[in-house]
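# A structural walkthrough
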Amino acid sequence: DFQYGQRELDTIEVFLTKSARGNRISCMYLRCVPEARYTVLFSHGNAVDLGQMSSFYIGLGSRLSCNIFSYDYSGYGVSSGRPSEKNLYADIDAAWQALRTSIEKVSKITSPVLIIHGTEDEVIDFSHGLALYERCPKAVEPLWVEGAGHNDIELHSEYLERLRRFISQELPSQRA
């Protein structure tokens, strides 16, 4: 049973990646604490899947003050394929690559990028917004919303103003 509320659900990102053996691997990234300096790559035990482990991961990450990244093996949860030793090695490699490239992909973006982040974001620490901005070659002037958290940033007047300027001025000038 999932014993947490919407706040915890907002900290969970679930996505699929592909292993070298062609299987779709389900991944779960849990941002357990905003100031986390580390992320644990967790390979769960037999006879469970990400859904069954999510409450455990939130508690573990909170107690360790770190984020948790986990995945389902081939044939577990919604991951395709079937369990095997060869698939297991390919699965963890795919999970490791997915974990490493959340932020590395930003350097390959070729269109203008506007990064907006609240300075008081309690779910995704402000340092993540800064890191994206620093690594993005096509980033325009960012908007750091003083005092904004994770779920109230759009209530600040500068949010809409900055988006309007990006769409009406910075996007068209980049296409010329």
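Once a new chain begins, its residue numbering starts again from 1 and follows that chain's sequence as written. In keeping with the predicted nature of the model, local features appear solely for residues at pLDDT of at least 70, side-chain atom pairs appear and are counted solely at 80 or more, and the whole-chain, interface and lining totals rest on all residues. Each side-chain value is worked out from all heavy atoms of the structure, with water and hydrogens disregarded.

- You'll find the protein entered in an unreviewed UniProt entry as Abhydrolase domain containing 17A, depalmitoylase, with Cavia porcellus given as the organism.

### Here's the deal with the overall build of the protein
- Within the protein, the regular secondary structure consists of five helices and six strands.
- Taking the principal axes of the C-alpha coordinates as reference, the protein spans close to 55 × 40 × 25 Å.
- Within the protein, contacts between residues at least 6 apart in sequence are counted, and of these 67% link residues at least 24 apart.
- Reported accessibility uses the Shrake-Rupley method at a 1.4 Å probe radius. Residues are deemed covered only where the shown protein chains occlude them. As displayed, the protein offers around 10,300 Å² of accessible surface, 51% of which is attributable to carbon and sulfur atoms. Numbering goes from the N terminus for both helices and strands, where a helix is a DSSP run of H or I of at least four residues and a strand is a run of E of at least two. Only heavy atoms enter the contact rule, under which two residues are in contact if any of them lie within 4.5 Å.

### Some thoughts on the pattern of salt bridges
- Throughout this description, the term salt bridge denotes a Lys or Arg side-chain nitrogen within 4 Å of a carboxyl oxygen of Asp or Glu. In total, this model carries three salt bridges according to the counting rule given.
- In this structure, Glu141 and Arg165 form a salt bridge, with 3.7 Å as the shortest nitrogen-oxygen distance. Placement of the pair is Glu141 in the loop between helix H4 (126-135) and strand E6 (143-145) and Arg165 in helix H5 (residues 157-175), with a sequence separation of 24 residues.
- Relative accessibility thresholds used throughout: buried, under 20% of the residue-type maximum; exposed, over 50%; partly exposed, between the two (1.4 Å probe, protein chains only). Looking at Glu141, the relative accessible area reads 48%, which means it is partly exposed.
- Residues Glu170 and Arg162 are paired through a salt bridge, measuring 2.7 Å at the closest nitrogen-oxygen approach.

### Some thoughts on the packing of aromatic side chains
- Any two rings among Phe, Tyr and Trp, with Trp reduced to its six-membered ring, count as a pair given centres within 6.5 Å; such a pair is stacked if its planes are under 30 degrees apart, edge-to-face if over 60, and tilted if neither. The tally for this structure, following the rule as stated, stands at nine aromatic pairs.
- For the ring pair Tyr71 and Tyr73, a centre distance of 5.4 Å and an interplane angle of 85° mean the geometry is edge-to-face. By the burial criterion, Tyr71 is buried, and Tyr73 matches it.
- Taken together, the ring pairs connect Phe15, Tyr29 and Phe69 into an aromatic cluster.

### Details of unusual backbone geometry
- Backbone geometry places Ala47, a non-glycine residue, at a positive phi of 70°.
- Its place among the elements puts Ala47 in the loop between strand E3 (39-42) and helix H2 (50-64).
- By relative accessible area, Ala47 is classed as exposed at 62%.
- Notably, Ser65 is not glycine yet its phi reads approximately 55°, a positive angle.

### Some words on the nonpolar core
- For this analysis, a nonpolar core means a set of buried residues of the types Ala, Val, Leu, Ile, Met, Phe, Trp, Tyr and Cys, connected via side-chain atoms within 4.5 Å. Counting twelve residues, the largest nonpolar core consists of Ile12, Met28, Leu30, Cys32, Phe42, Leu50, Met53, Tyr57, Ile58, Leu60, Cys66 and Ile68.
- The set of elements that each furnish at least two residues to this core consists of strand E2 (24-30) and H2.
- Looking at this core element by element, the count peaks at five residues for H2.
- Cys27, Tyr76, Ala95 and Ala98 belong to the second-largest nonpolar core, a separate cluster that totals ten residues.

### Re the pairing of strand E1 (residues 12-18)
- Each pair of strands is called paired provided DSSP finds at least two bridges between the two strands. Sheet topology places E1 next to E2; seven bridges connect them, and they run antiparallel. Bridging from a neighbouring strand, Thr17 pairs with Ile25 of E2.
- Turn length for the E1-E2 hairpin, with the two strands adjacent in sequence and antiparallel, is five residues, and the turn residue Gly22 shows positive phi of about 90°.

### Overview of the environment of Pro112
- If you trace the backbone, Pro112 turns up in the loop between helix H3 (85-104) and strand E5 (116-118).
- Residue classification places Pro112 among the buried positions, given a relative accessible area of 17%.
- Taking C-alpha positions, Pro112 is 29 Å from Ala36, a pair spaced 76 residues apart along the chain.

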